[in-house]
Amino acid sequence: MINSRRDFIKKAGLLTAGVYTGTHAFSTSSYRRIIGANDRINIGVVGFSDRHKGAHAPSFLAAYKELNFDIIAVSDIWKLRREEGVDFWKQKLGHAIKPCLNNEALYDIKDVDAVFISTSDFQHALHAIEAVHAGKDAYVEKPLAETMEDARAVLKAVKDSKQIVQIGSQRRSGLNYFAANDFIKSGKFGDIVMVELTWNVNQPGRWRRPDLVGKLREEDTDWKRFLLNRPKEPFNARHYLEYRLFWPYSSGIPGQWLCHQIDTVHWFTGLPHPRSVAVNGGNYLWKDGRENADTFTAVFDYGPLNDLTKGFQVLFKSRQTNSGVLNGEEVKEIYYSNGGTLNLDTNKISATGGLTEAYASAMGMKANLLPDIALNNIRVGTAANTGGDVVTMAHIRNWMECVRNRQEPNAPIEAGYNHSIAVIMANAAYRTGEKIIFDDKQQEVIAGGKAFKY
């Protein structure tokens, strides 16, 4: 990382003189854009959401002075949210914030260098495309995409650009996850044979916004712009504000929770996506008009795409009806090998469940006896708003540093693309009842012999 404005100017000067040729050298255009007035990087907000206010904001505020960043504009198509966003950031930063009716107005502000994107689930990919086409770096909340059409489009747009895009998969900036990744890739853990992923809450109001629904009037927003490429339908305040309960605006549990945990599987193993998935579940308890499941269980098959004799199973289960623990939340990420267990709930590696030395010896085998190892005392919670937790803070800081030094962030566009494949496969399995596969040649999720569409 470039540690000072003087170092930055020195490297930029060497670049323009044709001298600096390091791996992460700044392009001349990047130098002109970033150095700006007083070396400050200006951020615009795309969607003043609960996530932005509760997690992005405290994380940004913890680092913006040191890294010389600022927020100068808020874009939100709903008048109420736009005004709230402008007032919020004015109070936090002590200067005027430009209100923008839409993203075109935001990108007309020449001083905007990068954006936070935390809009509705189905909008993330399209808003990311807008950002990179406008020449802006972006922090894009997960899920990246809920359809393969959108996923392919955003992957291409980002890869064709020179922009720094960080996907909001904050586990990729967690020290315990780095330690787990290093241990698994070292070969000391042995071959993964099973992964159990759990994300439970008991919150009947999760993803409900009844107070806000009552405040939303069609004349105060842009309903057509909200829908983007989804089918046209009459104005619906619940679809606008409680979108996580309704398809095709969100897959619900897969897009919100599976995407986080399945991303670690891809990261630790280097596998891009599942080979297949089957799903069972339903809306068993919360009869409030929602269309997405309150209980969801997916069984994935993972392994080399060219060798079906090797692989492992991933079990993901989630319920919104009983958390199973006293404090109201339960999240589990447990990796099993023949030698033992890597538990990202307790952050410990142990020989638990592994093949014993005596049994292995009797069978003429060598046991892979894992020592007890503490990864790191960090635990990821399932609260609706995690706030400025240490992992999110590290993840947003990583993006901000990469905007400066033009290096690849911890969660690049490929990570988002790959978690999107798993999310779309799981959603397709739930909605069709089919066993779902992925066609690598077409880059399509296949259900019943044809590409899955909403």
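Not measured: the values here are computed from a predicted model.

Reading the values: the criteria
Residues numbered from 1 in each chain as written. Predicted model: local features only at pLDDT ≥ 70, side-chain atom pairs only at ≥ 80, totals over all residues. Heavy atoms only, no water. Helix = DSSP H or I, 4+ residues; strand = E, 2+ residues; numbered from the N terminus. Buried < 20%, exposed > 50% of the residue type's maximum accessible area, 1.4 Å probe, protein only. Contact = heavy atoms within 4.5 Å. Areas by Shrake-Rupley, 256 points an atom, 1.4 Å probe, with all protein chains shown as cover. Expected span 1.5 Å × (residues − 1). Phe/Tyr/Trp six-rings, centres within 6.5 Å; stacked < 30°, edge-to-face > 60°. Core = buried A, V, L, I, M, F, W, Y, C linked by side-chain atoms within 4.5 Å. Domains from an automatic or database assignment. Arc of directions from axis to C-beta. Polar contact = N/O pair within 3.5 Å; in protein donor to acceptor, adjacent residues only side chain to side chain. pLDDT = per-residue confidence, 0-100. Axes fitted to C-alpha atoms, helices over the stretch in contact; angles between N-to-C directions. Parallel < 35°, antiparallel > 145°, perpendicular 65-115°, else oblique. Left-handed = near helix turned anticlockwise from the far one by under 90°. Pairing = 2+ DSSP bridges. Right-handed = clockwise from strand over helix to strand, strands pointing away.

> How would you sum up the overall build of the chain? Please name residues and give values.
Counting secondary structure elements, the chain contains 16 helices and 17 strands. Per-residue burial over the chain gives 56% buried out of 454 residues. Across the chain, every contact between residues at least 6 apart in sequence was considered, and the portion connecting residues at least 24 apart equals 73%. With an accessible surface of roughly 19500 Å², the chain has 51% of that area assigned to carbon and sulfur atoms.

> Provide a residue-level description of helix H9 (residues 175-186), including the pertinent values.
In a regular helix each residue adds 1.5 Å, so twelve residues correspond to 16 Å; H9 covers 16 Å between its end C-alpha atoms and thus fits that length. One or two positions beyond H9, positive phi appears at Gly-187, with a value near 90°.

> Any details on the packing of aromatic side chains? Residues and values, ideally.
Following the criterion strictly, the structure yields 27 aromatic pairs and no others. Both rings, one in Phe-178 and one in Trp-267, keep their centres 5.5 Å apart while their planes meet at 85°; by these two values the pair is edge-to-face. Placement of Phe-178 in helix H9 and of Trp-267 in helix H13 (residues 253-269) is noted, with a sequence separation of 89 residues between them. Where Phe-226 meets Tyr-240, the ring centres are 4.5 Å apart and the plane angle is 20°; that geometry is what we call stacked.

> Describe the nonpolar core, listing the residues and the values that go with them.
The biggest cluster of nonpolar side chains holds 94 residues, and the ones touching the most others in it are Phe-300, Tyr-335 and Leu-342. For this core, the leading source of residues is helix H16 (residues 413-432), giving nine residues. When residues of this core are sorted by domain, at least three fall in each of domain 1 (37-171) and domain 2 (175-383 + 413-451). Those residues in contact with Tyr-335, other than ones at most four positions away along the chain, are Ile-184, Phe-189, Ile-192, Met-194, Val-195, Thr-264, Val-265, Phe-268, Gly-340, Thr-341, Leu-342 and Leu-344. Ile-43, Tyr-64, Trp-89 and Ala-114 belong to the second-largest nonpolar core, a separate cluster that totals 26 residues.

> I'd like to hear about helix H5 (residues 79-93), residue by residue, with values.
Taking 1.5 Å of rise per residue, the 15 residues of H5 would be expected to cover 21 Å, and the 21 Å separating its terminal C-alpha atoms lies within 8% of that figure. Arg-81, Arg-82, Gly-85, Val-86, Phe-88, Trp-89 and Leu-93 are the residues of H5 that are buried. Looking straight down H5, one finds that the buried residues subtend no more than 165° of arc, so they occupy a single side. Looking at the buried positions of H5, the neighbouring elements they touch are strand E1 (41-46), helix H3 (50-61), helix H4 (64-67), strand E2 (69-75), strand E3 (98-100) and helix H10 (210-215). Just downstream of H5 lies Gly-94, where phi reads positive at about 75°.

> An account of the environment of Arg-275 is requested, with residue identities and associated values reported.
Residue placement: Arg-275 occurs in the loop between H13 and strand E8 (276-282). Sequence spacing of Arg-275 and Asp-301 is 26 residues, and the spatial spacing of their C-alpha atoms is 5.5 Å. A distance of 3.3 Å separates a polar side-chain atom of Arg-275 from the backbone oxygen of Tyr-302. One polar contact links the side chain of Arg-275 to the main-chain carbonyl oxygen of Lys-310, over a distance of 2.8 Å.

> Please give an account of unusual backbone geometry that cites residues and values.
The peptide bond linking Lys-142 to Pro-143 adopts the cis configuration, its omega dihedral lying at -10°. Mapped onto the fold, Pro-143 is located in the loop between strand E5 (137-140) and helix H8 (148-159). Residues Trp-247 and Pro-248 are joined by a peptide bond in cis, for which omega reads 20°. You can see Pro-248 is positioned in the loop between helix H12 (237-241) and H13. With phi around 60°, Asn-347 is a residue other than glycine that occupies positive phi space. On the secondary structure map, Asn-347 appears in the loop between strand E12 (340-343) and strand E13 (348-350). Phi is positive for Arg-406, which is not a glycine, with a value near 65°. Mapped onto the secondary structure, Arg-406 falls in the loop between helix H15 (390-405) and H16.

> Hey, could you go over the confidence of the model for the chain for me, with residue numbers and the actual values?
Looking at the chain, the pLDDT average stands at 89 and 85% of residues meet or exceed 70. Predicted confidence for residues 1-37 stays below pLDDT 50, and this span has 49 contacts to residues more than four positions away or in other chains.

> I'd like a description of the environment of Glu-444, backed by residues and values.
By the secondary structure assignment, Glu-444 is in strand E16 (residues 444-447). Counting along the chain gives 296 residues from Glu-444 to Met-148, while the straight-line C-alpha distance between them is 6.3 Å.

> So what's going on with the side chain of Asn-427? Residues and values would help.
Along the chain, Asn-427 falls in helix H16. The class of Asn-427 is buried, set by a relative accessible area of 1%. Sequence-distant contacts of Asn-427, that is, excluding residues within four places in its chain, are made with Trp-247, Ser-251 and Phe-452.

> Hey, could you go over the packing of H13 against H16 for me, with residue numbers and the actual values?
As a packed pair, H13 and H16 sit with axes 9 Å apart at the nearest point and diverge in direction by 125°. When the axis of H13 is compared with that of H16, the two are oblique. Where H13 crosses over H16, the two elements pack in a sense that is right-handed. Contacts from Pro-254, Gly-255, Leu-258, Cys-259, Ile-262, Asp-263 and His-266 in H13 reach Ala-415, Asn-418, His-419, Ala-422, Val-423 and Ala-426 in H16.

> Before we move on, could you go through the pairing of strand E4 (residues 114-117) and cite the residues and values that matter?
Neither face of E4 is exposed, since Ala-114 and Phe-116 on one face and Val-115 and Ile-117 on the opposite face are all buried. Bridge analysis of E1 against E4 gives four bridges, and the strand direction is parallel. For Val-45, the partnering residue across the bridge sits in E4 and is Phe-116. Read from E4 through helix H7 (residues 124-133) to E5, the crossover connection turns out right-handed.

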